[in-house]
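Examination of the molecular architecture
Listed here are the chains, written in short residue letters.
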Amino acid sequence: PDQRAAMRADVARIAVDLGVPGLAVGVDVGGTFTDAVLDGDTTAVADFSATFAGVVFPGETLDVSVWHDGPRHLITATVADRDGAPALNNVVLTTH
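The structure displayed is predicted, hence computed values, not measured ones.

1. With respect to the overall build of the protein chain
Per the secondary structure count, the protein chain includes two helices and five strands. Seen in sequence order, the protein chain has helices and strands lined up from the N terminus as α-β-α-β-β-β-β. For the protein chain, restricting intrachain contacts to residue pairs at least 6 apart in sequence, the fraction spanning at least 24 positions comes to 60%. Put simply, the protein chain shows about 5,400 Å² of open surface, and 55% of that area lies on carbon and sulfur atoms.

2. What about the pairing of strand 4 (residues 72–79)?
If a strand is regular, its side chains alternate between the two faces of the sheet. Most of strand 4 is tucked away, with six of its eight residues classed as buried. Inspection of the sheet shows strand 3 (residues 61–69) paired to strand 4 by eight bridges, in the antiparallel sense. In the sheet register, leucine 62 faces strand 4, and the bridge partner there is valine 79. Counting the residues in the hairpin turn of strand 3 and strand 4 gives two residues, including glycine 70, whose phi is positive at 65°. As judged from the seven bridges shared by strand 4 and strand 5 (residues 85–95), these two strands associate in the antiparallel manner.

3. Remarks on the pattern of salt bridges
Where charged atoms from two side chains of opposite charge come close, those side chains can pair. Summed over all chains, the structure comprises two salt bridges. Ionic pairing is found between aspartate 69 and arginine 72, a salt bridge with its closest N-O pair at 4.0 Å.

4. Observations concerning the nonpolar core
Counting 17 residues, the largest nonpolar core has Val29, Leu62, Val64, Ile75 and Ala77 as its most contacted members. Contributing elements (two or more residues each) for this core: helix 2 (23–37), strand 3, strand 4 and strand 5. Dropping the residues within four chain positions of it, isoleucine 75 is found in contact with Val29, Phe33, Val64, Ser65, Val66, Asn90, Val91 and Leu93.

5. Overview of the side chain of threonine 34
Here threonine 34 is to be found in helix 2. The exposure class of threonine 34 is buried, given its relative accessible area of 7%. Reaching out from threonine 34, the side chain makes a polar contact with the backbone oxygen of glycine 30 at a distance of 2.9 Å.

What counts, and where the lines are drawn
- Per-chain numbering applies: the sequence of each chain, read as written, is numbered from 1 onward.
- Residues qualify for local features only when their pLDDT is at least 70, as the model is predicted, and side-chain atom pairs are given and counted only at 80 or more; totals for whole chains, interfaces and linings, by contrast, use all residues.
- To get the side-chain values, take all heavy atoms of the structure and skip hydrogens and water.
- The numbering of helices and of strands both runs from the N terminus, where a helix is a DSSP run of H or I of at least 4 residues and a strand a run of E of at least 2.
- Two residues form a contact once any of their heavy atoms are found within 4.5 Å.
- The method behind every accessible area is Shrake-Rupley, applied with a 1.4 Å probe, and residues are considered shielded solely by the protein chains displayed.
- Each residue's exposure class comes from its accessible area (1.4 Å probe, protein chains only) as a fraction of the maximum for that residue type: buried when under 20%, exposed when over 50%, partly exposed otherwise.
- Any two strands with at least two DSSP-identified bridges between them are counted as paired.
- The rule for a salt bridge is simple: a side-chain nitrogen of Lys or Arg has to be within 4 Å of a carboxyl oxygen of Asp or Glu.
- Definition of nonpolar core: a set of buried residues of the types Ala, Val, Leu, Ile, Met, Phe, Trp, Tyr and Cys, connected through side-chain atoms within 4.5 Å.
- Two N or O atoms form a polar contact when they lie within 3.5 Å of each other; inside protein one atom must be a possible hydrogen donor and the other a possible acceptor, and for residues adjacent in sequence the pair counts only when both atoms belong to side chains.

Here is the structure:
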């Protein structure tokens, strides 16, 4: 079975209001995770990587799902406004 299915999933919905597309989406998702799960403690982040999977336009809303696997947090982001079109895949945020 898929390991992600066995992990606890947290889902958040965030509004994207970016003047700069692309990298800013990854920063916005990583920042939202850090604020929500790590109480804003950026020093707890050991590593962050992501693969862009699609286009996100300013003003769109992302659905962000997080699977917790010890210090590794597996994240996906889809565009809620476009029926779950992929935005970010293969996102791994590792904490100390």
